[in-house]
Amino acid sequence: MVAHVPSFRQQAFINGEWVNADGRASFAVVNPATSETIGHAPDMGAAETRRAIAAAAAALPLWRRASVMARAQILRRMSQLMIEEQDRLARVMTIEQGKPLAEARIEIAYGASYFDWFAEESRRIYGDIIPGSQDRRLFVIRQPIGVVGAITPWNFPSAMLARKMATALAAGCTMVAKPAELTPFSALELADLAMRAGVPAGVFNVITTNAAAAVGEELTHNALVRKITFTGSTAIGRLLLKQASEHIQKCSMELGGNAPLIVFEDADLDRAVAGAVTAKFRNAGQVCIAANRLLAHVSIANAFAEKLAAACAALRVGNGLEDGVAIGPLISMAAVEKVERHIADAVARGARVLTGGARHALGGSFFQPTVLDNVSPDSLICHEETFGPVAPVMRFETEEEALNLANATPFGLASYFYSRDISRIFRVAEKLESGMVGVNETAISTAIAPFGGVKYSGLGREGSRFGLEDYLEKKYICLGGVE
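In this text the structure is predicted, and so the values were computed from the model without any measurement.

Rules of the game
Residues numbered from 1 in each chain as written. Predicted model: local features only at pLDDT ≥ 70, side-chain atom pairs only at ≥ 80, totals over all residues. Heavy atoms only, no water. Axes fitted to C-alpha atoms, helices over the stretch in contact; angles between N-to-C directions. Helix = DSSP H or I, 4+ residues; strand = E, 2+ residues; numbered from the N terminus. Parallel < 35°, antiparallel > 145°, perpendicular 65-115°, else oblique. Left-handed = near helix turned anticlockwise from the far one by under 90°. Contact = heavy atoms within 4.5 Å. Expected span 1.5 Å × (residues − 1). Buried < 20%, exposed > 50% of the residue type's maximum accessible area, 1.4 Å probe, protein only. Pairing = 2+ DSSP bridges. 1 Å grid on protein atoms, 1.4 Å probe; cavity = no way out; pocket = protein on both sides within 12 Å on 5 of 7 lines; lining within 4 Å. Points joined across faces, edges and corners; volume = space filled by probe spheres on them. Nonpolar A, V, L, I, M, F, W, Y, C, P; charged D, E, K, R; others polar. Salt bridge = Lys/Arg side-chain N within 4 Å of Asp/Glu carboxyl O. Polar contact = N/O pair within 3.5 Å; in protein donor to acceptor, adjacent residues only side chain to side chain. Core = buried A, V, L, I, M, F, W, Y, C linked by side-chain atoms within 4.5 Å.

Caption draft 1: Seen up close, the packing of helix α3 (residues 86–97) against helix α4 (residues 101–121). Relative to each other, α3 and α4 sit at 120 degrees, their axes nearing to 8 Å. With respect to their mutual orientation, α3 and α4 come out oblique. The handedness of the crossing between α3 and α4 is right-handed. Seen from α3, the contacting residues are Gln86, Asp87, Leu89, Ala90, Arg91, Met93 and Thr94; seen from α4, they are Leu101, Ala104, Arg105, Glu107, Ile108 and Ala109.

As structure tokens, this is what we get:
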């Protein structure tokens, strides 16, 4: 039975007010599970973005001077409100993004954890005293970088914004956020909670648009914006970095991934299968840290692939609002077509479909959870981020071969492997070329640890004290004439 659909905000949020676009232009937002229009969001451009930036700049002096305790209290209230409103926020997310309601609830709790963590971490923005000569005292203080432009993706529309927003506000920065045009309502709900939590007008603003380029150009070409934080594709990340160079804006980039998951011969096979299901099929595989390539040792590869296929075949596909659904729709038909291309290419190169492999009988953008065996390393699916519910299993014979296959990509966001050999665990973890490594675990994201990648997967870190540093500038003060 499909649950009720909640009400939600359908206006943008600038300087503490709910507003429409100039000329009242808007765009439709569609539920990917039903293809029905669920609402309309303001279609804004450079002019509205400029006003939001001006509001954030005007609010900055008071917010950066606010006491640490005052900011912490507001952030803690944000966390509390997200938990209180967890079910309603999750339903909004499910109808605009498609993920199962259970996953959406987890995402809301995950987003709330960032506000809770940074409410405390904001109290630990310490400085330093550097030993100097007798007549001088040398100090380093940390200050908020200023106005932040945040651009967030559709696959985690609440958590990705919460992660950026909590960090920026904890540091004393103000923010203009542009959510993905496919999922604007989750961001607007966070703006509503921010107002209720006591975030002052102008400190947090949300611009919605169906013309991302115009808004992105204003964020990167406006000298009032001192930092850009982006989660999305490597191609768009490159463009934003080029644009941000005009005003030397500091950038945090969480970009594409191509995560390997290695199963060594000494692994706990059942644990590895369970981890692979989580890492590959959560959010229908539409996750930047999803296991995109599964590498199994030849001695256990058959058993691993068979167990994985059986677990995969048991996953129920359907509308995310229905009870028991584990796999929702893909975000669009273009996503379905990409998955089909990857499967066709892998099969043409010798791969075998163990389960799934085609569009689901439900129609639309639903796709069967799929396991491919004997996938060739030169297959398209091994070199492009699939962003769909397809698990390609490859084989290896030696640890060195596994590492070479795992690192044979320009991306380096996350890696996973399963082994019970303690020497191998340290050896492999240190040699994997990625910003994050899960060992015998694939649920690795947490507010208290740094999230981010290397190589083409981005710059900077989010979460933890390391993420807070990306929103702060270090100022050195030399005090002379002490004697």
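Caption draft 2: Structural detail: helix α6 (residues 185–197). With 13 residues, α6 should reach 18 Å at 1.5 Å per residue; the first-to-last C-alpha distance of 18 Å fits that figure. Within α6, 11 of the 13 residues are buried, which leaves the element mostly enclosed by the surrounding structure. All buried positions along α6 are accounted for by Phe185, Ser186, Ala187, Leu188, Glu189, Leu190, Ala191, Asp192, Leu193, Ala194 and Ala197.

Caption draft 3: Structural view of the pairing of strand β3 (residues 26–30). Here β3 shows a buried face lined by Phe27 and Val29 and an unburied face lined by Ser26, Ala28 and Val30. Sheet topology places β3 next to strand β4 (residues 37–42); five bridges connect them, and they run antiparallel. Paired with alanine 28 across the two strands is histidine 40, which belongs to β4. Taken together, β3 and the strand that follows it, β4, pair antiparallel across an intervening segment of six residues, in which serine 35 is found at a positive phi of about 65 degrees.

Caption draft 4: Expanded view of the layout of surface pockets. Considered as a void within the structure, the largest pocket measures approximately 980 Å³ in volume. As for the largest pocket, its lining consists of 39 residues, and the residues nearest its centre are Trp154, Phe230, Gly232, Ser233 and Ile236. Sorting the residues of the lining of the largest pocket by element identifies α7 (212–221), β10 (225–231), α8 (234–244) and α11 (333–348) as the ones contributing at least two each. Considering each element in turn, the lining of the largest pocket owes the most residues, six residues, to α8. A class-by-class count of the residues in the lining of the largest pocket yields 21 nonpolar, 11 polar and seven charged. In this structure, the second largest pocket occupies an estimated 560 Å³ of space. In terms of lining, the second largest pocket is formed by 26 residues, of which the most central are Ile106, Phe156, Thr278, Arg282 and Ala443. Every element with two or more residues in the lining of the second largest pocket is listed here: α4, α5 (159–171) and α9 (269–281). Taken together, the residues of the lining of the second largest pocket sort by class into 18 nonpolar, three polar and five charged.

Caption draft 5: Broad picture of the environment of alanine 443. Mapped onto the fold, alanine 443 is located in the loop between β19 (436–439) and β20 (454–455). Placed 201 residues apart in sequence, alanine 443 and lysine 242 show a C-alpha to C-alpha distance of 33 Å.

Caption draft 6: Spatial organisation of the pattern of salt bridges. For the structure on display, the rule yields 32 salt bridges. Note that arginine 91 is salt-bridged to aspartate 87, the shortest N-O span being 2.7 Å. With arginine 91 and aspartate 87 both in helix α3 and four residues apart, this pair spans about one turn of that helix. On the basis of relative accessibility, which here comes to 9%, the residue arginine 91 falls in the buried class. Classification of aspartate 87 by relative accessible area gives partly exposed; the value is 30%. Among the ionic pairs, arginine 424 bridges to glutamate 265, the shortest N-O distance being 3.5 Å. Taken together, the residues span a long stretch of sequence, with arginine 424 in helix α13 (residues 422–431) and glutamate 265 in the loop between β12 (259–263) and α9 at a distance of 159 residues. Judged by its relative accessible area of 36%, glutamate 265 falls in the partly exposed class. By sharing partners, the salt bridges in this structure join Arg9, Glu85, Arg88, Glu189, Asp192 and Arg196 into a single network.

Caption draft 7: Representation of the packing of α3 against α6 in the model. Between α3 and α6, the least distance of the axes is 9 Å, while the angle of their chain directions is 160 degrees. Relative to α6, the element α3 lies roughly antiparallel. Contacts between α3 and α6 involve Arg88, Leu89, Val92, Met93 and Glu96 on the former and, on the latter, Phe185, Ser186, Glu189 and Leu193. Split into classes, the residues belonging to the contact of α3 with α6 amount to five nonpolar, one polar and three charged.

Caption draft 8: Broad picture of the side chain of arginine 293. Tracing the chain through its elements places arginine 293 in strand β13 (residues 291–297). A distance of 3.0 Å separates a polar atom in the side chain of arginine 293 from the backbone oxygen of alanine 406.

Caption draft 9: Fine view of unusual backbone geometry. Despite not being glycine, asparagine 374 shows a phi value in the positive range, around 55 degrees. Looking at the secondary structure, you find asparagine 374 in the loop between β15 (370–373) and β16 (390–396). What makes asparagine 374 partly exposed here is its relative accessible area of 36%. Here asparagine 440, not a glycine, exhibits a phi torsion of approximately 60 degrees, which is positive. Here asparagine 440 shows up in the loop between β19 and β20.

Caption draft 10: A look at the sheet that holds strand β22 (residues 472–480). One open sheet accounts for three strands, arranged β5-β6-β22; its pairing is antiparallel. Two strands close off the open sheet at either side, each with one partner strand: β5 (128–130) and β22. Each neighbouring strand pair of the sheet contributes to a mean axis angle of 25 degrees, computed without reference to strand direction. Sheet analysis places strand β6 (residues 136–144) next to β22, joined by nine bridges and oriented antiparallel. Residue pairing in the sheet places arginine 136 in a bridge with glycine 480 of β22.

Caption draft 11: Molecular detail of the nonpolar core. By size, the foremost hydrophobic cluster in this structure holds 130 residues, and its most contacted members are Phe204, Phe304 and Leu308. No other element matches α5, which puts 10 residues into this core. In contact with phenylalanine 204, other than residues within four places in its own chain, are Phe13, Leu161, Met165, Met175, Ala177, Leu190, Ala191, Ala194 and Val199.

Caption draft 12: Spotlight on the environment of valine 393. You can see valine 393 is positioned in strand β16. Along the chain, valine 393 and serine 299 lie 94 residues apart, while their C-alpha atoms are 14 Å from each other. Other than its neighbours up to four places away in sequence, valine 393 contacts Leu294, Ala296, Phe304, Leu308, Val371, Leu372, Asp373, Asn374 and Val375.

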